[in-house]
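Spelled out, the chains give:
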Amino acid sequence: MFRRDRNEDHFTFQTSSFSLTKWNLLTSATSNRYMWPTDIRSIVVIAVLLILNPTAGSSQPALISKIQCPDRVKSVAFSPDGKLLVAGYGWNDEGGVKVWKLPDYSLVATLIKGDDNVKAVVFSSDGKHLAVLTWAGKVLSWNVGDWTKSKTLLTQIEDPEGIAFSKDSTKLLITSERRVTLYDLKTARSSTLLKAGENDEAFVSALFANDGKSIIAYGNGTLQIIDLESQSVVRTVKPVSRGFFAAIEQNSDRIVLGGGAIFEEKVVQTWDLKSSTRLHDITEFRSGVFTGTFSHSGNIFAVAGGDYGSGGDLSLWKTIDRSEIGYISFGEFPIQSLAFSPDDKVLAAGSDDGYVLLYSVERIRGPEIKKQDRSLCGEIRRISDRLVLTPI
């Protein structure tokens, strides 16, 4: 049943075949409300279509495949030529790295077997090297194709956060909570670029800028731009949103950063670094937001996170106007890492459920639709510029 009350902005429904439509951005965790745009006629049409065809939108699942790992997957990466996929995992007692060959995702190698949990994995820009950062603070490298030998580059990195290669594949940037370190692969020498003060918040991420001449360090609600040659801070951008990640678009000066813990404020921002201009804020996420990345084309970006118990969340956004393209969820635990394939057709997601999830980017469209397994009764009300579905 779906009827209109006297109040022009008030609908009541009761149906056993209604498919619950859920957007990542507009779902309230505290009130269990589901929100859509305010056009009443659109809501009526959507509801009728879903009742007539409750599986609409799900004929082509976005999830192409899932690859199981021994423990929580903390980092994923595609090789620049798109021929390999790598995942770093570990949380309890079985950490390591797995390498798969595309397009059949057959296993090529398993690296670092044992209790050395992995924090991050990254390929060099030329595709010749794989670098791995472990929770124990080791930086290891392999020559791609020769998985029998590894080289230890650094040790004793306290509270490691992330790792990145320079555009020319000659340098590594290692981020820990208290410092940002530059490692020269040619000379095997390291230098500290930034060090956090006693009262400063932790560094979250450090990235090489696209110009190849500077580095971007994110943390403490601040972006710091460091000149590579002088190794000094030349510009500071603040305040920026605090969070868990930062990613730079490959072909411009745009950066996406932020996120937030499950029960705290969650803000994702896009910035133009050249002009130090904040472009967009995205708020009201329903659960934690822990990671994000741009597609290689730069036209879209993905953010992900979730909750422990209710599952992982993943959503796609248009870069130019930050409108949400699509949303999808998986499992019981959050998604911690993302990587687009070089052709932007596949999005890999590392899940704390212990899987590498492989999604078709073109199929992540619109809200997630789930058929209810029981009768649902509730009302739709207008709140500000949104319509809210409140189950009773």
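Bear in mind the structure is a predicted one, so any value in this text is a computation, not a measurement. (Residues numbered from 1 in each chain as written. Predicted model: local features only at pLDDT ≥ 70, side-chain atom pairs only at ≥ 80, totals over all residues. Heavy atoms only, no water.)

**Digging into the environment of Gln60**
Stage number 1. Considering the arrangement of structural elements, one finds Gln60 in the loop between helix H1 (40–52) and strand S6 (63–68).
Stage number 2. Overall, Gln60 belongs to the exposed group, its relative accessible area being 51%.
Stage number 3. As a C-alpha pair, Gln60 and Arg363 span 303 residues in sequence and 7.1 Å in three-dimensional space. (Helix = DSSP H or I, 4+ residues; strand = E, 2+ residues; numbered from the N terminus. Buried < 20%, exposed > 50% of the residue type's maximum accessible area, 1.4 Å probe, protein only.)

**A short note on the pattern of salt bridges**
Stage number 1. Within the structure shown, the criterion is met by 5 salt bridges.
Stage number 2. Taking the shortest distance from any N to any O, the salt bridge between Asp352 and Lys74 comes out at 3.0 Å. Of this pair, Asp352 sits in the loop between strand S32 (346–351) and strand S33 (355–360) while Lys74 sits in strand S7 (residues 73–78), placing them 278 residues apart in sequence. Each member of the pair Asp352 and Lys74 is classed as buried.
Stage number 3. Here Lys138 ties to Asp116 by a salt bridge, and the two come within 3.9 Å at their closest N and O atoms. With Lys138 in the loop between strand S12 (129–134) and strand S13 (139–143) and Asp116 in the loop between strand S10 (106–114) and strand S11 (118–123), the pair connects residues that are 22 residues apart, well separated along the chain.
Stage number 4. Lys138 sits in the partly exposed class, given a relative accessible area of 35%.
Stage number 5. In this structure Asp116 comes out as buried when scored by relative accessible area, which is 14%. (Salt bridge = Lys/Arg side-chain N within 4 Å of Asp/Glu carboxyl O.)

**Thoughts on the nonpolar core**
Stage number 1. In this structure, Leu314, Leu316, Leu338, Leu347 and Tyr359 are the most contacted members of the largest nonpolar core, which totals 19 residues.
Stage number 2. Mapped by element, the contributors of at least two residues to this core are strand S28 (300–307), strand S29 (311–318), strand S30 (324–330), strand S31 (335–340), S32 and S33.
Stage number 3. Not counting residues within four places of it along the chain, the set of residues in contact with Leu314 comprises Val303, Ala304, Gly326, Tyr327, Ile328, Ile335, Leu338, Leu347, Ala349, Tyr359 and Ile364. (Core = buried A, V, L, I, M, F, W, Y, C linked by side-chain atoms within 4.5 Å. Contact = heavy atoms within 4.5 Å.)

**So, the sheet that holds strand S15 (residues 160–165)**
Stage number 1. Read across the open sheet, the 4 strands follow the order S15-S16-S17-S18; overall the sheet is antiparallel. Only two strands of the sheet have a single neighbouring strand rather than two, namely S15 and strand S18 (189–195). The sheet shows a mean angle of 20° between the axes of neighbouring strands, direction not considered.
Stage number 2. The sheet contact formed by strand S17 (residues 179–184) and S18 spans 6 bridges and is antiparallel. Each bridged residue has a counterpart across the sheet, and for Arg179 the counterpart in S18 is Lys195. (Pairing = 2+ DSSP bridges. Axes fitted to C-alpha atoms, helices over the stretch in contact; angles between N-to-C directions.)

**Describing the pairing of strand S20 (residues 214–219)**
Stage number 1. Of all the 6 residues making up S20, 6 are buried; the element is thus mostly covered by neighbouring parts of the structure.
Stage number 2. Side chains of S20 alternate between two faces, with Ser214, Ile216 and Tyr218 and Ile215, Ala217 and Gly219 buried alike.
Stage number 3. With 5 bridges connecting them, strand S19 (residues 203–208) and S20 associate as antiparallel partners. Bridge pairing in S20 places Ser205 opposite Tyr218.
Stage number 4. Here S19 hands over to S20 after 5 residues, with Gly212 in that stretch at a positive phi of 75°.

**Topic: the confidence of the model for the protein**
Stage number 1. In the predicted model, the protein carries a mean pLDDT of 83, and the fraction of residues at 70 or more is 80%.
Stage number 2. Within the model, pLDDT remains below 50 along residues 1–58, and this stretch shows 138 contacts once partners closer than five positions in the same chain are excluded. (pLDDT = per-residue confidence, 0-100.)

**What about the packing of aromatic side chains?**
For any pair of aromatic rings, geometry is given as the distance between the ring centres together with the angle between the planes.
Stage number 1. The tally for this structure, following the rule as stated, stands at 6 aromatic pairs.
Stage number 2. Ring centres of Phe244 and Phe290 lie 5.5 Å apart, and the angle between their planes is 80°; this geometry places the pair in the edge-to-face category. Here Phe290 lies in strand S27 (residues 288–294) and Phe244 lies in the loop between strand S22 (232–237) and strand S23 (245–248), a separation of 46 residues in the sequence.
Stage number 3. On the accessibility criterion, Phe244 (40% relative accessible area) is partly exposed.
Stage number 4. Residue class for Phe290 comes out buried when judged on its relative accessible area of 12%.
Stage number 5. Taking the centre distance of 5.9 Å and the plane angle of 55° together, the rings of Tyr308 and Phe333 count as tilted. Residue Tyr308 is found in the loop between S28 and S29, and its partner Phe333 is found in the loop between S30 and S31; the two are separated by 25 residues along the sequence.
Stage number 6. We classify Tyr308 as partly exposed; its relative accessible area is 39%.
Stage number 7. The ring of Tyr355 carries Lys66 above its face, with NZ or CZ at 5.0 Å from the centroid.
Stage number 8. The ring centre of Phe333 lies 5.8 Å from the NZ or CZ of Arg72, which sits over that ring. (Phe/Tyr/Trp six-rings, centres within 6.5 Å; stacked < 30°, edge-to-face > 60°. Lys NZ or Arg CZ within 6 Å of the ring centre and 35° of its normal.)

**Some thoughts on the side chain of Lys119**
Stage number 1. Among the secondary structure elements, Lys119 is positioned in strand S11.
Stage number 2. One buried charged residue, Lys119, remains without a salt bridge, the closest side chain of opposite sign being Glu161 at 4.1 Å. (Lys, Arg positive; Asp, Glu negative; His and termini not counted.)

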